[in-house]
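Structural overview for review
The chain contents come next:
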Amino acid sequence: IQYGAYITYARNEQLISKVFADELEAAYVACKVAIDSRVWLVAVEECQAIYQFILGRINFQRGAPMNPYNIKENCTYPPLCYDFGSEDKLLNDPVVQKALGVKTGIQWQECGFEVHIKLLDEWVTNFATDVATVLNDDFPVLVYNGDYDYICNWEGGAEWTDATKWKGQKEFQSASVEEWKVNGELAGWTKQYENFKFVRVHKAGHMVPLDQPANALAMINEFLSSL
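As a starting point, this report considers the structure included with it.

Reading guide: rules and limits
Counting of residues starts from 1 at the beginning of each chain's written sequence and follows it residue by residue. Where local features are concerned, this predicted model is filtered to residues with pLDDT of at least 70; where side-chain atom pairs are given and counted, the filter is 80 or more; whole-chain, interface and lining totals use all residues. Here the side-chain values reflect all heavy atoms present in the structure, with hydrogen atoms and water set aside. Strands here are runs of E lasting at least two residues and helices are runs of H or I lasting at least four, both read from the DSSP assignment and numbered beginning at the N terminus. Radius of gyration here uses only the C-alpha atoms, and the compact-globule reference equals 2.2 Å multiplied by the residue count raised to the power 0.38. Accessibility here uses a 1.4 Å probe with only protein chains present; expressed as a share of the type maximum, an area under 20% marks a residue as buried, one over 50% as exposed, and anything in between as partly exposed. In what follows, residue pairs with any heavy atoms lying within 4.5 Å of each other are defined as contacts. Note on areas: these come from Shrake-Rupley sampling with a 1.4 Å probe, and a residue is covered only by the protein chains present in the view. Positive charges come from Lys and Arg alone, negative charges from Asp and Glu alone, with His and the N- and C-terminal ends not counted. A charged residue contributes its charge at one atom only: NZ of Lys, CZ of Arg, CG of Asp or CD of Glu. Residues enter a nonpolar core if they are buried and are Ala, Val, Leu, Ile, Met, Phe, Trp, Tyr or Cys, with the set joined through side-chain atoms within 4.5 Å. What makes a salt bridge here is a side-chain nitrogen of Lys or Arg within 4 Å of a carboxyl oxygen of Asp or Glu, nothing more. Without a salt bridge and with relative accessible area above 30%, a residue can belong to a patch; like charges are then joined within 9 Å and nonpolar side chains (Val, Leu, Ile, Met, Phe, Trp, Tyr) within 5 Å. A fitted line through C-alpha atoms serves as each axis, taken over the contacting stretch for helices, and the angle formed by two N-to-C directions is quoted from 0 to 180°. For classification purposes, an angle smaller than 35 degrees is called roughly parallel, one larger than 145 roughly antiparallel, one from 65 to 115 roughly perpendicular, and anything else oblique. Left-handed describes a crossing whose near helix is turned anticlockwise from the far helix through less than a right angle; right-handed describes the clockwise counterpart. Residue type decides the class: Asp, Glu, Lys and Arg count as charged, Ala, Val, Leu, Ile, Met, Phe, Trp, Tyr, Cys and Pro as nonpolar, and the leftover types, Gly among them, as polar. For this text, the term disulfide refers to a pair of cysteine sulfurs within 2.5 Å.

A few points about the overall build of the protein chain
When helices and strands are tallied, the protein chain shows 11 helices and 4 strands. Over its C-alpha trace the protein chain gives a radius of gyration of 19 Å, about what one expects of a compact globule, namely 17 Å for 227 residues. Its C-alpha atoms give the protein chain principal-axis dimensions of about 50 × 45 × 35 Å. In the protein chain, buried positions account for 37% of the 227 residues. Summarising the internal contacts of the protein chain: among those between residues at least 6 apart in sequence, 56% fall at separations of at least 24. Only carbon and sulfur atoms are counted for the fraction: they give 56% of the accessible area of the protein chain, which is about 13,600 Å². One way to put it: in the protein chain the 19 positive side-chain charges average out to a point 1 Å from where the 31 negative ones average out.

Written out as structure tokens, the structure reads:
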């Protein structure tokens, strides 16, 4: 679902043309076939091609690399687009590492290649079944996406939460989308049935607390108050 949503989101945000979006549908079919066949490495290759094709087209049209974590920004510090120098310094501080119980000599990295390779299968594994298990046990679940986030975009978030098979699925699907306001200002849109809530956070990218700190705090506080 999320791979297909790359096409939907990019088209709806007018990042690509309808013609190009239609051409990508064939690639999405190949992606789904590979996932259904459970040939994970082939699936990753086929499905990631959709993301790369779209991002390549957008970057060419913009004349600069787009930040896939926030479509309103350029990717200033590749490959993750943000300057994580402060975090690197903090997490590689021996005093901090000792307090965290980290083995001596371990170097903190935002993305370790060895870890990345070992988790490739996870990219095309459906974890909605685990969400359903939690929901069916009556625990509250909050799913949120910033509406400027391309890489985990809200179109896919809305679609996969609708598709999640749990005891309240039909009621969740038919629930109305409501405006969500914080201090009287529009903060996004929500959809909820009983213990399942989906939030589209307005004017936020992948890292919602970075772009909308006050609204992110309000969202988390609302969620914690339901526990």
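Focus on the nonpolar core
Tyr6, Ile16, Ile50, Ile54, Tyr150 and Phe196 are the most contacted members of the largest nonpolar core, which has 45 residues in total. Counting only elements with at least two residues in this core, the list comes to helix 1 (2-12), helix 2 (18-36), helix 3 (40-62), helix 7 (128-136), strand 1 (141-146) and strand 4 (196-201). Ranked by residues supplied to this core, first place goes to helix 3 with 9 residues. Those residues in contact with isoleucine 16 that sit more than four places away from it in its chain are Ile7, Ala10, Arg11, Ala21, Leu24, Ile54, Arg57 and Ile58. Of all hydrophobic cores here, the second largest spans 11 residues; its members include Val182, Val199, Ala204 and Ala218.

Describing the pattern of salt bridges
Under the definition given, this model contains 6 salt bridges. Ionic pairing is found between lysine 118 and glutamate 114, a salt bridge with its closest N-O pair at 3.4 Å. With lysine 118 and glutamate 114 both in helix 6 (residues 113-118) and 4 residues apart, this pair spans about one turn of that helix. By relative accessible area, which is 56% here, glutamate 114 ends up exposed. A salt bridge links lysine 167 to aspartate 138; its shortest N-O distance comes to 2.8 Å. Here the residue lysine 167 occupies a position in the loop between helix 8 (154-163) and helix 9 (169-174), and aspartate 138 occupies one in the loop between helix 7 and strand 1, the gap between them amounting to 29 residues.

What to know about helix 1
Looking at helix 1, one finds that the buried residues are Tyr3, Gly4, Ala5, Tyr6, Ile7, Tyr9 and Ala10. On the buried face of helix 1, the contacting elements are helix 2, helix 3 and helix 8. Phi turns positive, to about 60 degrees, at glutamine 14, one or two residues after helix 1.

Observations concerning a nonpolar patch on the surface
A cluster of nonpolar residues, Tyr144, Ile220, Leu224 and Leu227, forms a patch on the protein surface that exposes about 380 Å² of accessible area. Checked against the element boundaries, leucine 227 lands in the segment after helix 11 (213-225).

Re the packing of helix 1 against helix 8
The interhelical angle for the contact between helix 1 and helix 8, taken along N-to-C directions, is 135 degrees, at an axis separation of 8 Å. Judged on the interaxial angle alone, helix 8 and helix 1 are oblique. Crossing angle aside, the handedness with which helix 1 passes helix 8 is right-handed. In this structure, helix 1 contributes Gln2, Ala5, Thr8, Tyr9 and Asn12 to the contact, and helix 8 contributes Trp154, Glu155, Gly156, Gly157 and Trp160. For the contact of helix 1 with helix 8, the per-class residue count stands at 4 nonpolar, 5 polar and 1 charged.

Quick word on the state of the cysteines
Applying the stated rule across the entire model yields 2 disulfides. Across a sulfur-sulfur distance of 2.0 Å, cysteine 31 and cysteine 47 are joined as a disulfide pair. Between cysteine 31 and cysteine 47, the S-S torsion sits near 95 degrees, and that sign places the bridge as right-handed. One end of the pair, cysteine 31, is in helix 2; the other, cysteine 47, is in helix 3, with 16 residues separating them in the sequence. A relative accessible area of 0% means that cysteine 47 is categorised as buried. Disulfide pairing places cysteine 75 opposite cysteine 81 at an S-S distance of 2.1 Å.

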